[in-house]
Amino acid sequence: MYFPLRPRLAKSLVGAAALALTMSVASQHALAETAYIQQSQAGARMPVQSVSMGSVMSGAMQAGRSIAAPTPRVAPEAITQGGRNIAQTLQIGNYNNVAQIQNGTNNHSTVGIIAGNANNVGVLQNGNNLRSNLVLLNTQGLSVGVIQPNGSSPINMFIARLPNGGLLIKR
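Residues numbered from 1 in each chain as written. Predicted model: local features only at pLDDT ≥ 70, side-chain atom pairs only at ≥ 80, totals over all residues. Heavy atoms only, no water.

S.K.: Explain the confidence of the model for the chain to me, using residue names and the numbers behind them.
M.R.: In the predicted model, the chain carries a mean pLDDT of 74, and the fraction of residues at 70 or more is 52%. Across residues 48-61 the pLDDT falls below 50, and counting only partners more than four positions away or on other chains, this stretch makes seven contacts in the model. (pLDDT = per-residue confidence, 0-100. Contact = heavy atoms within 4.5 Å.)

Next comes the structure, spelled out in structure tokens:
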């Protein structure tokens with residue numbers, strides 16, 4: 001913004017500065033709802049928070065009424081389970097689709113698409129302690145499905161489109 005330097009313009013500059021200060025102070029108090037969606041999973045362990053109800057609880061007990069203990073709000077990332085599943089995806093390219101579905105515990109799945117276009121990858125792990133690593137390099141229009149039932153061996157696969165047009169599949 002350009003202001004010519006004139007004496008009577010000094011008052012308008014002070015007014016503009018006051019307006020900018022007021023708007024910045026007003027914007028500091030903006031509130032929004034949380035981005036987390038509360039989810040409940042069967043068998044999930046949630047951290048317990050101790051809540052002191054004090055005289056409210058004793059007064060309710062004397063009156064013969066029962067009060068339910070408050071349920072703590074926990075983000076889905078904080079819920080711990082017996083085992084953990086990890087699914088990682090790296091996509092550098094256009095119009096690629098990756099779906100990784102894991103059922104069980106301690107499963108690890110990694111999919112990398114580098115310089116790819118219109119590829120479809122699906123990974124289904126149904127069991128415990130399963131591992132899969134898949135990399136597609138410079139591919140176009142490939143559909144790859146990895147299905148691992150319980151007890152299957154690890155999958156490590158590299159698929160690349162070579163400069164001469166050939167397809168290299170390394171397992």
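S.K.: Describe the pairing of strand S4 (residues 120-126), naming the residues involved and giving the relevant values.
M.R.: Residues Val121, Val123 and Gln125 of S4 are buried on one face, while the alternating residues Asn120, Gly122, Leu124 and Asn126, pointing to the opposite face, are not. Pairing of strand S2 (residues 97-103) with S4, which is carried by seven bridges, proceeds in the parallel orientation. Pairing of asparagine 97 across the sheet is with asparagine 120, part of S4. (Buried < 20%, exposed > 50% of the residue type's maximum accessible area, 1.4 Å probe, protein only. Helix = DSSP H or I, 4+ residues; strand = E, 2+ residues; numbered from the N terminus. Pairing = 2+ DSSP bridges.)

S.K.: Would you mind going over the pairing of strand S3 (residues 108-117) in detail, with residue names and values included?
M.R.: Two elements, strand S1 (residues 86-94) and S3, share nine bridges in a ladder whose sense is parallel. Counted as the bridge partner of glutamine 91 is isoleucine 113 from S3. Pairing geometry for S3 and strand S5 (residues 131-137), over seven bridges, is parallel. Counterpart to histidine 108 in the pairing with S5 is arginine 131.

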